[in-house]
Amino acid sequence: MSISKPEFPASKIFDVIKEQLGSDEVFKKKAIKQVNCIVAFNLKNKEGDTSSWFIDLKKSGEIGQGATASAGPADVSLNLSDEHFSQLVNGKANAQKLFMSGKLKVKGNVMKAAGIEGVLKQAKAKL
Amino acid sequence: MSFMNGGGGECSTGANPLAQFTKHSAIDRSLQHERFQGGSPSSMMSMRSTPTEMSQHDREAMDSFLNGGQPQQANLGAFVFENMHQELSHINSHERETYMEQHTPSHSTEWVDDFHGGSGGEVANWDQEFNRKVSTPPLSTMNRNSPGSNMIMSRPGGFGGSRFMPSVRPTYAGGMMNNSGPHMAMHTGPLMSSSTATHANVTEDHWQNQFSQFEGVDIVSDKGKGKVSEVETATQDQDQGLKLQDEEEIQDLSDPTLDLEDDYKDHFDQVWSNMKGQLLDNIDGWKDHDEVPTWENTIAKPVVGDYEFDDTENIYMDKPDAFTIGCQLMDSGAKLSEAVLAFEAAVQQNPEHVEAWSRLGAAQSQNEKEELAMRALEKCLTLDPGNLAALLNLSVSYTNEGYENAAYSQLEKWISTKYPHIVEQAEQENKARMDIHERVTDLFIQAALLSPEVANMDADVQIGLGVLFYGSSDYDKAIDCFNAALSVRPDDPLLWNRLGATLANSQRSEEAISAYYKALDLRPSFVRARYNLGVSCVNIGCYQEAVQHLLGALSMYRVDGLQDDNDFQNGNLYVTLKRVFMAMDRPDLVEKVNSGADVEAYRNEFDF
């Protein structure tokens, strides 16, 4: 039931999020509250191929391949390379820096895109 | 923290005899700029960076130069007065000529008076204005970099940034504004105003006040400026035009392909983090934008509810001195879950026991159970709104959960309880309208200034400042604060963990790990530090070690004779653990977690 693609190493995170959305009700509620829209990721790998994933964090918590959720098209699309996506997920880069340097393109409401970062990387050190 | 920024003040006019001179040349240059296409600003820059101290000899040389005489000595070190002198006298004579020719006598005399006033050391129109701005207390430079303050100061600050030197003091640039050309206005106009527009109305007010203030000043100095006023009228017109343009710019900002220059990056960073911090906290509030938001109603607070006790039997329930037992357990380094049980028993025996609630909250947050910690601390504060430890701990918990503004308001309560005179003083200065982060940071800086010596420094003030800077992602400053606090309390495991977490979040995982180890040396049962250690190991790709630390932390939840699997699936630790297993490509282990396997079940594969 893997939704990641081996040609896109960073897409593994979608499996992780899928697992979490499926098994952790608290996480799902929190994520929906935080993001509150359908987000699409258009990743480009080293070979120049592109592939899309969506997360419906508006209602259902559905996640899968493709740019359109069953509930409809995405409210926000994030376009970036697989490599930069991996950096984003691993906390080596942050969305606003990628956005500023043009490595992350956002179609739709940027404000909504800011919330998704918190879902992608949850393991944050605590004071 | 307080000693870091001493330098700013002396660099301004007060101690520096050359400052007068710098201003002098600045005035000339701007006029020349309108007329002659200007020279390079490099000569000014070298003047700005001159040392504070000036020998008597140099002072004489400069005096004689300013009075029109020859420099006493050809070699004056770093200051090449020859060129400046020629330039200046050239401007001097030329300007006087043109003004005499072109303007009515009254205007020109005024202007010349002004001019002489400046050179003669007397404080004239411009000087007054300039000095007034510079006389802001030096230490306020400290929070210049915080987002809020930059919002307010942004316009003049942006000037300096784009035109002269990146870190020019905004006050100085503010003085420059009156006689600056239209280019500068265009440089800063769009981005700054869009930032303010997206910010709350409060800042907008500040901005407009400041803007109109500058306009007012323009009119005053126009009297003496003659021809320059024409240019300024043009500038104002242009500004009006820019205002319209600004609105388009705001729209543009949501265009992802917008390519912004590096110059604007810092400003944008601040705007972004502000938006994230304030708007995301309260997206609902943002929708009802019609009413002017006061800070009190924009502060989003997590709804946590009442503290829930475990159903399991509590072995301390029958002990009359459960609170004392809890304190002893904490001191002796026992498992935090045990201490938690003792404190839970204490508050169940006596629900009004403020200190027990406070300690329970502190223990739960160290035990990596933030939600329960917040519930206990809020309960504590309903009983005793001025409980300092609970206020500080709750602000930390809110920060961890991403409710920065709620955290700041707790810190404000903390400081007004502990240092009421500072808050009173600030209220008199009418700072209430400032952005909450800036306002509270200001209060904490004032408090830190009370005792700058390490010997009697209040470590809690440094912690508060650290949390404030952490909340605004000023991690380097936060690290300084926690280090300062550690110089007072080197044996506080909480502080080491806070330092570590700040380092980790500023991408310094390796340094963070050594800070966590320090915390764990001091308190081996510190679950949060162990969890953080695991997170840092994940971040540097050491999955095996990460699993060991996470399992080690989980094993701390096991208390003899008790099964604590209440939040088996939901806890932060399990979520992170599953994530690491996914990263290791071990779905079988994820399954194992989901099936609710005991921590001991991993012993065959992991050493913890």
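Look up a bit, the structure's there.
Below or above, wherever it landed, is the structure these notes cover. Nothing here was measured: the structure is a model prediction, and the numbers come from that model.

## Comments concerning the packing of helix α29 (residues 543–555) of chain B against helix α30 (residues 572–583) of chain B
All names here are of chain B.
Right, so step 1: With their axes 10 Å apart at the nearest point, α29 and α30 run at an angle of 155 degrees to one another. In terms of axis orientation, α29 runs roughly antiparallel to α30. Considering only the axes of α29 and α30, their crossing is left-handed. Note on element contacts: α30 touches α29 through Leu573, Tyr574, Thr576, Leu577, Val580, Phe581 and Ala583, opposite Tyr543, Ala546, Val547, Leu550, Leu551, Ala553 and Leu554.
Right, so step 2: By residue class, the composition of the contact of α29 with α30 is 13 nonpolar, 1 polar and no charged.

## What about the interface of chain B and chain A?
Right, so step 1: Each partner contributes to the interface: chain B provides 48 residues, whereas chain A provides 36 residues.
Right, so step 2: Of the roughly 3500 Å² buried between chain B and chain A on both sides combined, carbon and sulfur atoms contribute 57%.
Right, so step 3: On inspection of chain B and its partner chain A, the count reaches 5 salt bridges.
Right, so step 4: Our count for the contact surface shared by chain B and chain A stands at 6 residue pairs in polar contact (both at pLDDT 80 or more).
Right, so step 5: Taken together, the elements giving at least two residues each to the side of chain B that touches chain A come down to α13 (265–279), α20 (388–401), α24 (459–471), α26 (493–505), α28 (527–539), α30 and α31 (587–594) of chain B.

## Considering the pattern of salt bridges
Right, so step 1: Summed over the entire model, instances satisfying the criterion amount to 20 salt bridges over all chains.
Right, so step 2: Of the charged contacts in the structure, one is a salt bridge between Glu371(B) and Arg375(B), with a shortest N-O distance of 2.9 Å. With Glu371(B) and Arg375(B) both in helix α19 (residues 370–383), this residue pair falls 4 residues apart, about one helical turn.
Right, so step 3: Glu371(B) sits in the partly exposed class, given a relative accessible area of 44%.
Right, so step 4: The shortest N-O distance in the salt bridge between Arg508(B) and Asp476(B) comes to 3.6 Å. You can see Arg508(B) sitting in the loop between α26 and α27 (509–522) and its partner Asp476(B) sitting in helix α25 (residues 475–488), a full 32 residues away along the chain.
Right, so step 5: With a relative accessible area of 28%, Arg508(B) lands in the partly exposed category.
Right, so step 6: Judged by its relative accessible area of 52%, Asp476(B) is exposed.
Right, so step 7: By sharing partners, the salt bridges in this structure join Lys30(A), Lys126(A), Glu368(B), Glu370(B), Glu401(B) and Arg528(B) into a single network.

## As for the pairing of strand β6 (residues 76–81) of chain A
All names here are of chain A.
Right, so step 1: Looking at chain direction, strand β1 (residues 38–44) and β6 are connected through 6 bridges and run parallel. Across the sheet, residue Leu43 finds its bridge partner in β6, namely Leu80.
Right, so step 2: Two elements, β6 and strand β7 (residues 105–108), share 4 bridges in a ladder whose sense is antiparallel. Across the sheet, residue Asn79 finds its bridge partner in β7, namely Lys105.

Conventions we followed
- Residues numbered from 1 in each chain as written.
- Chains lettered and ligands numbered in written order.
- Predicted model: local features only at pLDDT ≥ 70, side-chain atom pairs only at ≥ 80, totals over all residues.
- Heavy atoms only, no water.
- Axes fitted to C-alpha atoms, helices over the stretch in contact; angles between N-to-C directions.
- Helix = DSSP H or I, 4+ residues; strand = E, 2+ residues; numbered from the N terminus.
- Parallel < 35°, antiparallel > 145°, perpendicular 65-115°, else oblique.
- Left-handed = near helix turned anticlockwise from the far one by under 90°.
- Contact = heavy atoms within 4.5 Å.
- Nonpolar A, V, L, I, M, F, W, Y, C, P; charged D, E, K, R; others polar.
- Buried area = accessible area lost by both parts, 1.4 Å probe.
- Salt bridge = Lys/Arg side-chain N within 4 Å of Asp/Glu carboxyl O.
- Polar contact = N/O pair within 3.5 Å; in protein donor to acceptor, adjacent residues only side chain to side chain.
- Buried < 20%, exposed > 50% of the residue type's maximum accessible area, 1.4 Å probe, protein only.
- Pairing = 2+ DSSP bridges.

Nothing here speaks to function; it is all geometry.
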